[in-house]
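# Descriptive structure summary
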Amino acid sequence: MKISLIFSILLVGCMFAKAQDDLLGDLEKLEPPSKQLTTSTFKGTRLVNGQSVEAKHKGELEFIFAHRFGRINDGIYELFGLDQAYVRIGLEYGITDKLGIGIGRNSVDKTMDGFLRYKVLQQSSGSKAMPFTITAFGNMAIRNSPRKEDATFDITLVDRISYTGQLLIARKFSPKLSLQLMPTIVHKNTVDQTIENNDQFALGAGGRIKVSKSVALTSEYYYRFDVPDTNPYYNSLGFGVDIETGGHVFQLVISNTRGLTERAFITETTGDFFAGDLHLGFNVTRTFQIKKNK
Amino acid sequence: MISMKNFKLLFVSSLLCFSLGAAAQKFTLEKSIVKFYSAATIENIEATNTKAVSIFNAATAEVAFVIPIKEFEFEKQLMKEHFNEKYLESEKYPKATFQGKFSDFVIKEGEQRAVAQGKLTIHGVTKEIEAPGTISMTGNIVTAQAKFKIKLEDYKIKIPQLLWQNIAEEVEVTVEFIYKPQ
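The written sequence of each chain sets the order in which its residues are numbered from 1. Labels follow written order: the first chain is A, the first ligand is 1, and so on. Totals for whole chains, interfaces and linings use all residues, but because this is a predicted model, local features are given only for residues with pLDDT of at least 70 and pairs of side-chain atoms are given and counted only at 80 or more. Derived side-chain values reflect all non-hydrogen atoms in the structure, with water molecules and hydrogen atoms excluded from consideration.

## Observations regarding the overall build of chain A
Stated precisely, the cut-off is as follows: Strands here are runs of E lasting at least two residues and helices are runs of H or I lasting at least four, both read from the DSSP assignment and numbered beginning at the N terminus. Note that the radius of gyration is over C-alpha atoms, with the globule rule given as 2.2 Å times the number of residues to the power 0.38. Buried residues are those whose accessible area, probed at 1.4 Å on protein chains only, stays under 20% of the maximum for their type, while exposed residues exceed 50% and partly exposed ones sit between those limits. Whether two residues touch is decided by their heavy atoms; if any such pair falls within 4.5 Å, the residues are in contact. Calculation of accessible area relied on Shrake-Rupley with a 1.4 Å probe; when residues are assessed, cover is drawn exclusively from the protein chains displayed.
Scanning chain A from terminus to terminus reveals four helices and 14 strands. For 294 residues, the compact-globule formula gives about 19 Å, and the C-alpha radius of gyration of chain A, at 27 Å, lies well above that figure. Taking the principal axes of its C-alpha atoms as reference, chain A extends roughly 115 × 40 × 40 Å. Counting the 294 residues in chain A, one finds 47% classified as buried. Taking the intrachain contacts of chain A between residues at least 6 apart in sequence as the baseline, contacts between residues at least 24 apart amount to 57%. In the structure as shown, chain A presents an accessible area of about 14300 Å², 66% of it carried by carbon and sulfur atoms.

Structure, rendered in structure tokens:
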């Protein structure tokens, strides 16, 4: 009696244990602790005027057409700036998922620019999480205006060159909110030393808030350090709306700058944002996958 | 005190219990391929994931799998980005899971038809599904295949209006799991 009781309890117990098998629970134990890379910190490679941490993926070619109108406060005669336009046409190619190369031409000061971008760290979650994405950006720009014969001194190619080095540090706090800091140095080979230094330091800050899956609001500000009192330029400030449709990103912006190379918008912004010297504009990008993935 | 006879019985019953446990032979994944295909007017979209994990319990015909969403690979990187960012919201819902059973499954060598029935969770939404497929056992290796369609609407996957023409409302999912004994 006693024996059969023990026997049946054991048997039932062991059947019960079997029924309790939770395969999904077992799977959780089998799964290796995964490290998830955080992607899409921003929609575009540009935040407003300046760079974002985003790099093109390997084999992707981005065509970027950016455009700033004249000043809104020029009034009805200039149709609030719409009669004028400053354009930058550029290309960027992803050599690897981390390394990108680009070129561009900006009508402001007839500037040619070339740049390299390298994603040093990528934000991730899970085991060994990395809190930030860090991208290094460097460019060289040649200002082709004025013509040699129009210059006030004997201008050479070297005088026309400037360099920019930036560290772009961003964190995607949530799928909606991403913020970025941009410590920057701009070196200009030749400057008017009564108003500016050859080496200029700035700290940029910006971010985006997604308002829907395809639309985000952006902002960007560059603060310049050690600016001489005689300097006529302003810190650049801009706001934008990113709209993403398939392979295109449309960025509608308003900003106190019309230049689209780092030298121009970080160190030579001519508009006073709060006096209404505002330029409407847009960046339109189209991404082509040149080399198929795998 | 337990007599020798009782002890023997206890021993036999524990053995029986263990052997029952052993019969509940579990298989884990050796290799997996999960694909989905969406046919649409502008471009067809295809993605492959080889990072799924799964357990198959041959004794009970129970099966479960977990698919990490971010591991789907597309022909175009931008598709992958949109898939994660806009449709599946993989930062919020990193995994798709299934827990269910193959009905009509019997342990035997060779191929047999079976229907997987159970709960499929995608994008945080759980639905009962039925997916017809085949299971073949050769020696220690079990191969399970199934094909089914999912409606994006059922899993609250919304397509932004600007993009609707790029995405089909229904996608075809193919899973192939090759198991070995755990």
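## Some points on the side chain of Asn 198 of chain A
All names here are of chain A. Heads up, the condition is: Residues adjacent in sequence count toward polar contacts only when both atoms are side-chain atoms; beyond that, a polar contact is any pair of N or O atoms within 3.5 Å, and within protein one must be able to donate a hydrogen and the other to accept it.
Inspection of the secondary structure assignment puts Asn 198 in the loop between strand E9 (177-188) and strand E10 (199-210). Reaching out from Asn 198, the side chain makes a polar contact with the backbone oxygen of Asn 189 at a distance of 3.1 Å. Among the polar contacts made by the side chain of Asn 198, one reaches the side chain of Gln 193 at a distance of 2.8 Å. Not counting the four nearest positions on each side in its chain, Asn 198 is found in contact with Val 186, His 187, Lys 188, Asn 189, Thr 190, Val 191 and Gln 193.

## Notes on the packing of aromatic side chains
Defined as follows: Ring pairs are drawn from Phe, Tyr and Trp, using the six-membered ring of Trp, whenever the two centres fall within 6.5 Å, and their geometry is named by plane angle: stacked under 30 degrees, edge-to-face over 60, tilted for the rest. Here, over-ring charges are defined by two tests on the NZ atom of lysine or the CZ atom of arginine: distance to the ring centre within 6 Å, and angle to the ring normal within 35 degrees.
Summed over the entire model, instances satisfying the criterion amount to 18 aromatic pairs over all chains. Seen from their ring centres, Phe 65 of chain B and Phe 98 of chain B are 5.3 Å apart, and the 25 degrees between their planes marks the pair as stacked. Of this pair, Phe 65 of chain B sits in strand E4 (residues 62-68) while Phe 98 of chain B is found in strand E6 (residues 95-103), placing the two residues 33 residues apart along the sequence. Three or more aromatic residues joined by ring pairs make a cluster, and in this case those are Phe 27, Phe 56, Phe 65, Phe 98, Phe 102, Phe 105, Phe 177 and Tyr 179 of chain B. Above the plane of the ring of Phe 173 of chain A lies Arg 171 of chain A, whose end atom (NZ or CZ) is 5.2 Å from the centre.

## Thoughts on a nonpolar patch on the surface
Residues and elements named next belong to chain A. So the rule is basically this: Residues forming no salt bridge and having over 30% relative accessible area are the ones grouped into patches, like charges within 9 Å of each other and nonpolar side chains (Val, Leu, Ile, Met, Phe, Trp, Tyr) within 5 Å. By convention in these notes, a salt bridge is any Lys or Arg side-chain nitrogen within 4 Å of a carboxyl oxygen on Asp or Glu.
Taken together, the side chains of Leu 181, Ile 185, Phe 201, Leu 203, Tyr 221, Tyr 223 and Phe 225 define a hydrophobic patch exposed on the protein surface, amounting to about 620 Å² of accessible area. Sorting the residues of the nonpolar patch by element identifies E9, E10 and strand E11 (215-224) as the ones contributing at least two each. Tyr 221 gets classed as partly exposed once you look at its relative accessible area, which sits at 32%.

## Points about the nonpolar core
Defined as follows: Joining through side-chain atoms within 4.5 Å is the link that ties buried Ala, Val, Leu, Ile, Met, Phe, Trp, Tyr and Cys residues into a set, and such a set is a nonpolar core.
Residues Phe 36, Phe 56, Phe 72, Phe 102, Leu 120 and Tyr 179 of chain B are the most contacted members of the largest nonpolar core, which totals 46 residues. Leave out the neighbours within four places in its chain, and Phe 36 of chain B touches Ile 45, Glu 46, Ala 47, Phe 72, Phe 74, Phe 83, Val 171, Glu 172 and Val 173 of chain B. The next biggest cluster of nonpolar side chains, apart from the first, holds 13 residues, and it includes Leu 47, Val 53, Phe 115 and Leu 168 of chain A.

## Brief notes about the pairing of strand E9 (residues 141-151) of chain B
All names here are of chain B. Here is the rule: Only when DSSP finds a minimum of two bridges between them are two strands counted as paired.
The pairing of strand E8 (residues 125-138) with E9 spans six bridges and is antiparallel. Bridging across to E9, Thr 134 finds its partner in Gln 145. Following E8, the chain reverses through two residues before pairing antiparallel with E9; Gly 139 in that reversal takes a positive phi of roughly 60 degrees. With ten bridges joining them, E9 and strand E10 (residues 170-181) adopt antiparallel strand pairing. Counterpart to Phe 148 in the pairing with E10 is Val 173.

## Here we look at the pattern of salt bridges
Residues and elements named next belong to chain A. The full count for this structure, using the stated rule, is 23 salt bridges over all chains. Salt-bridge contacts for Asp 277 lead to Arg 71; the nearest nitrogen and oxygen are separated by 3.9 Å. Of the two residues, Asp 277 sits in the loop between helix H4 (262-267) and strand E14 (279-289) while Arg 71 sits in strand E2 (residues 60-71), which places them 206 residues apart along the sequence. One network of salt bridges, with partners in common, ties together Asp 109, Arg 143, Lys 188, Glu 196, Arg 263 and Glu 268.

## Focus on a negative patch on the surface
Residues and elements named next belong to chain B. Basically, it comes down to this: Only four residue types enter the charge count: Lys and Arg as positive, Asp and Glu as negative, with His and the chain ends excluded. Every charge is mapped to an atom, namely NZ of Lys, CZ of Arg, CG of Asp or CD of Glu.
On the surface, Glu 153, Asp 154, Glu 169 and Glu 170 cluster together into a patch of negative charge. Inspection of the secondary structure puts Glu 170 in strand E10. Classification of Glu 170 by relative accessible area gives partly exposed; the value is 37%.

## With respect to the sheet that holds strand E4 (residues 99-106) of chain A
Where we set the bar: Here the axes come from fitting lines to C-alpha atoms, over the contacting stretch only for helices, and the angles between their N-to-C directions go from 0 to 180 degrees.
Sheet architecture is closed into a barrel: twelve strands sit in the order E2-E3-E4-E5-E7-E8-E9-E10-E11-E12-E13-E14 (chain A), paired in antiparallel fashion. The mean inter-strand angle of the sheet, taken between neighbouring strand axes irrespective of direction, is 20 degrees.

## Regarding the environment of Glu 78 of chain A
Residues and elements named next belong to chain A. Inspection of the secondary structure assignment puts Glu 78 in the loop between E2 and strand E3 (85-94). Considered as a pair, Glu 78 and Gly 126 are 48 residues apart in the sequence and their alpha carbons are 54 Å apart. Apart from the residues lying within four places of it in its own chain, the contact partners of Glu 78 are Asp 83 and Gln 84.

## What about the side chain of Thr 143 of chain B?
Residues and elements named next belong to chain B. In this fold, Thr 143 is placed in strand E9. We classify Thr 143 as buried; its relative accessible area is 17%. When sequence neighbours within four positions are dropped, the list of residues in contact with Thr 143 reads Thr 134, Ile 135, Ser 136, Glu 176, Phe 177 and Ile 178.

## Considerations on unusual backbone geometry
Residue and element names in this part refer to chain A. Put simply, Ser 145 and Pro 146 share a cis peptide bond, and its omega is 0 degrees. Take Pro 146: it is sitting in the loop between strand E7 (133-143) and helix H3 (157-160). Despite not being glycine, Phe 80 shows a phi value in the positive range, around 55 degrees. Relative to the elements of secondary structure, Phe 80 occurs in the loop between E2 and E3.

Function-wise, these values are silent; they only describe arrangement.
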